[in-house]
Amino acid sequence: MSRAILQLDGLSCPSCMTKIQNALGQQSGVETVKVLFNAAKVKADFNADQVNADQLAAVVTNLGYEVKNVKVKEA
């Protein structure tokens with residue numbers, strides 16, 4: 001299991017959090033998603049055999065949010 005930490009720009013309301021959480025949660029291989037509104041970060045635990053952090057960042061970008069930084073931690 002890996003964890004992607006996405007630093008965002010443009011996270012402005014609680015409904016944005018839900019939108020991102022739902023979109024990432026529907027991706028194959030994603031186990032858990034947590035959006036930290038005040039820190040403008042998304043933490044997603046995922047199976048690297050099914051999806052990668054860049055693909056997750058692309059999902060968020062396609063929703064209209066800027067991903068400023070992507071970090072991956074191996075569990």
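Now for a description of the structure that goes with this document. The structure presented is a predicted model; accordingly, all values stated were derived computationally and were not measured.

Here's the deal with the side chain of Asp45
So, step 1. Tracing the chain through its elements places Asp45 in strand S3 (residues 41-46).
So, step 2. Polar side-chain contacts of Asp45 include one of 2.8 Å to the side chain of Thr32.
So, step 3. Ignoring anything within four residues of it in the chain, the contact list for Asp45 reads Met1, Ser2, Arg3, Gly29, Val30, Glu31 and Thr32.

Focus on unusual backbone geometry
So, step 1. Here Ala40, not a glycine, exhibits a phi torsion of approximately 55°, which is positive.
So, step 2. Topologically, Ala40 is positioned in the loop between strand S2 (30-36) and S3.
So, step 3. Look at Ala40 and you get buried, because its relative accessible area is 16%.

Re helix H1 (residues 14-25)
So, step 1. Helix length check: H1, at 12 residues, gives a terminal C-alpha distance of 17 Å against a target of 16 Å (1.5 Å per residue), a fit within 8%.
So, step 2. Taken residue by residue, H1 has Cys16, Ile20, Ala23 and Leu24 as its buried positions. The buried residues of H1 occupy an angular sector of 95° when projected down its axis, which confines them to one face. Residues of H1 that are exposed and point over 90 degrees away from its buried face: Pro14 and Ser15.
So, step 3. On its buried face, H1 sits against strand S1 (2-9), S2, S3 and helix H2 (53-62).

Quick notes on the sheet that holds S1
So, step 1. One open sheet accounts for 4 strands, arranged S2-S3-S1-S4; its pairing is antiparallel. In this open sheet, the two edge strands, each paired with only one partner strand, are S2 and strand S4 (66-74). Taken over all neighbouring pairs, the strand axes of this sheet differ in orientation by 15° on average, direction set aside.
So, step 2. One ladder, built from 6 bridges, connects S2 with S3; its direction is antiparallel. Its bridge partner lying in S3, Thr32 is registered against Asp45.
So, step 3. Strands in contact with H1 are S1, S2 and S3; relative to S2, the strand with the most contacts, it is inclined by about 165°.

The rules behind each value
Residues numbered from 1 in each chain as written. Predicted model: local features only at pLDDT ≥ 70, side-chain atom pairs only at ≥ 80, totals over all residues. Heavy atoms only, no water. Helix = DSSP H or I, 4+ residues; strand = E, 2+ residues; numbered from the N terminus. Polar contact = N/O pair within 3.5 Å; in protein donor to acceptor, adjacent residues only side chain to side chain. Contact = heavy atoms within 4.5 Å. Buried < 20%, exposed > 50% of the residue type's maximum accessible area, 1.4 Å probe, protein only. Expected span 1.5 Å × (residues − 1). Arc of directions from axis to C-beta. Pairing = 2+ DSSP bridges. Axes fitted to C-alpha atoms, helices over the stretch in contact; angles between N-to-C directions.

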